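Structural overview
Now for the letters of each chain:
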Amino acid sequence: MAQILLLHSAYGLRPAVHAAADRLRAAGHQVHVPDLYDGKVFDTVEEGMAYREELGNDELLRRAVGAAAPLLATAGTKLVYAGFSLGGGLAQNLALADEHSLGLLLLHGTSDLREDAATGILVQLHIAEPDPFETEDWLNTWYLGMRRAGAEVEVHRYRGAGHLFTDPELPDYDAEAAETAWAASLDFLTELDELTGQN
């Protein structure tokens with residue numbers, strides 16, 4: 001089964017991230033959940049975003065790369081990169097830089113792409129509709145950019161759900177949308193396993 005690097009949102013490594021990892025482990029996957037915030041967890045998105053700004057994008061990406069490096073050091077290891085919101089953006093950057101990446105699972109967030117980005121990975125995105133952090137124009141540009149880069153992209157939209165609708169402890173939570181997203185995510189991981197011969 002897949003080895004997954006699962007990156008947390010701007011809120012930090014919340015219980016919902018551990019619960020998500022456990023859900024994926026129950027399906028047979030190996031899941032790694034690094035703490036990019038050194039133990040800090042925030043109750044509001046404003047606090048989390050302020051700390052993200054304090055750290056800076058370059059430092060967060062450096063920490064994410066550092067989390068992936070020991071896993072990739074094992075010969076033959078291929079990762080599925082996944083993340084929530086901010087973590088999704090970081091996961092995207094890691095996946096596009098890793099020519100051996102198995103796939104990219106994005107929950108609630110994306111990142112911009114370089115003009116020369118090139119990849120052949122499978123990508124699945126789960127996003128609220130509308131989403132205050134991922135506007136329609138942005139998502140259209142992102143989708144076209146990913147397709148131009150060579151990715152095979154599948155987008156799932158959840159009308160009326162909050163931005164981080166998979167986190168039961170946040171006002172964004174939408175139980176029906178969350179369960180639908182997790183079912184599709186597990187199907188996606190199964191598809192990756194089948195395509196790559198993982199078992």
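Note that the structure is a prediction, hence the values are computed from the model and not measured. Counting starts from 1 at the beginning of each chain's written sequence and moves along it residue by residue. Side-chain atom pairs in this predicted model are given and counted only at pLDDT of 80 or more, local residue features only at pLDDT of at least 70, and totals for whole chains, interfaces and linings cover all residues. Each side-chain value is derived from all of the structure's non-hydrogen atoms; neither hydrogens nor water enter the calculation.

**A short note on the overall build of the chain**
Secondary structure follows DSSP: runs of H or I at least 4 residues long count as helices, runs of E at least 2 residues long count as strands, and numbering of each begins at the N terminus. A count of helical and extended segments in the chain gives six helices and six strands. In this treatment the radius of gyration is a C-alpha quantity, and the globule benchmark scales as 2.2 Å times the residue count to the 0.38 power. The C-alpha atoms of the chain give a radius of gyration of 15 Å, which matches the 16 Å a tight globule of 199 residues would have. Taken along its principal axes, the extent of the C-alpha atoms in the chain is 40 × 35 × 35 Å. Each residue's exposure class comes from its accessible area (1.4 Å probe, protein chains only) as a fraction of the maximum for that residue type: buried when under 20%, exposed when over 50%, partly exposed otherwise. Residues classed as buried in the chain amount to 51% of the 199 residues present. Contacts were defined at the residue level, with two residues in contact if any of their heavy atoms lie within 4.5 Å. Excluding contacts between residues fewer than 6 apart, the proportion of contacts in the chain whose partners are at least 24 apart in sequence is 64%. Surface accessibility of the chain: about 9,400 Å² in total, with carbon and sulfur atoms responsible for 50%. Positive charges are assigned to Lys and Arg, negative charges to Asp and Glu, while His and the chain termini are left out of the count. Note on charges: their place is set at NZ of Lys, CZ of Arg, CG of Asp or CD of Glu. Taking the average location of the 13 positive side-chain charges in the chain and that of its 32 negative ones, the two points are 4 Å from each other. All accessible areas in this document rest on Shrake-Rupley with a 1.4 Å probe, and a residue is counted as covered only by the protein chains that are shown.

**Topic: the sheet that holds strand β4 (residues 103–107)**
By way of backbone hydrogen bonds, the strands of a sheet pair with one another, either parallel or antiparallel. As summarised here, the arrangement of the six strands in space is β2-β1-β3-β4-β5-β6, forming an open sheet in which the pairing is parallel. Of all strands in the sheet, those with a lone pairing partner are β2 (30–32) and β6 (152–159), marking the two edges. Strand-to-strand twist across the sheet, computed as the mean angle between neighbouring axes with direction ignored, equals 15°. If DSSP finds at least two bridges between two strands, the strands pair. By the bridge criterion, three bridges tie strand β1 (residues 3–7) to β2 in an arrangement that is parallel. Pairing of Gln 3 across the sheet is with Gln 30, part of β2. Helix axes use the C-alpha atoms of the stretch in contact, all axes being lines fitted to C-alpha atoms, and the angles between their N-to-C directions lie in the range 0 to 180 degrees. Contacts from helix α6 (residues 175–196) reach β1, β3 (79–84), β4, β5 (122–129) and β6 within the one sheet, and its direction differs from that of β5 by about 175°.

**Structural notes on a negative patch on the surface**
Patches were defined on residues exceeding 30% relative accessible area and lacking a salt bridge, with like-charge contacts within 9 Å and nonpolar side-chain contacts (Val, Leu, Ile, Met, Phe, Trp, Tyr) within 5 Å. Salt bridge, as applied in this entry: a Lys or Arg side-chain nitrogen positioned within 4 Å of an Asp or Glu carboxyl oxygen. A surface patch of negative charge is lined by Glu 152, Glu 154, Asp 187, Glu 191 and Glu 194. If you list the elements that add at least two residues to the negative patch, you get β6 and α6. Take the negative patch: its biggest share by element is three residues, from α6. Mapped onto the fold, Glu 154 is located in strand β6. Residue classification places Glu 154 among the partly exposed residues on the basis of a relative accessible area of 33%.

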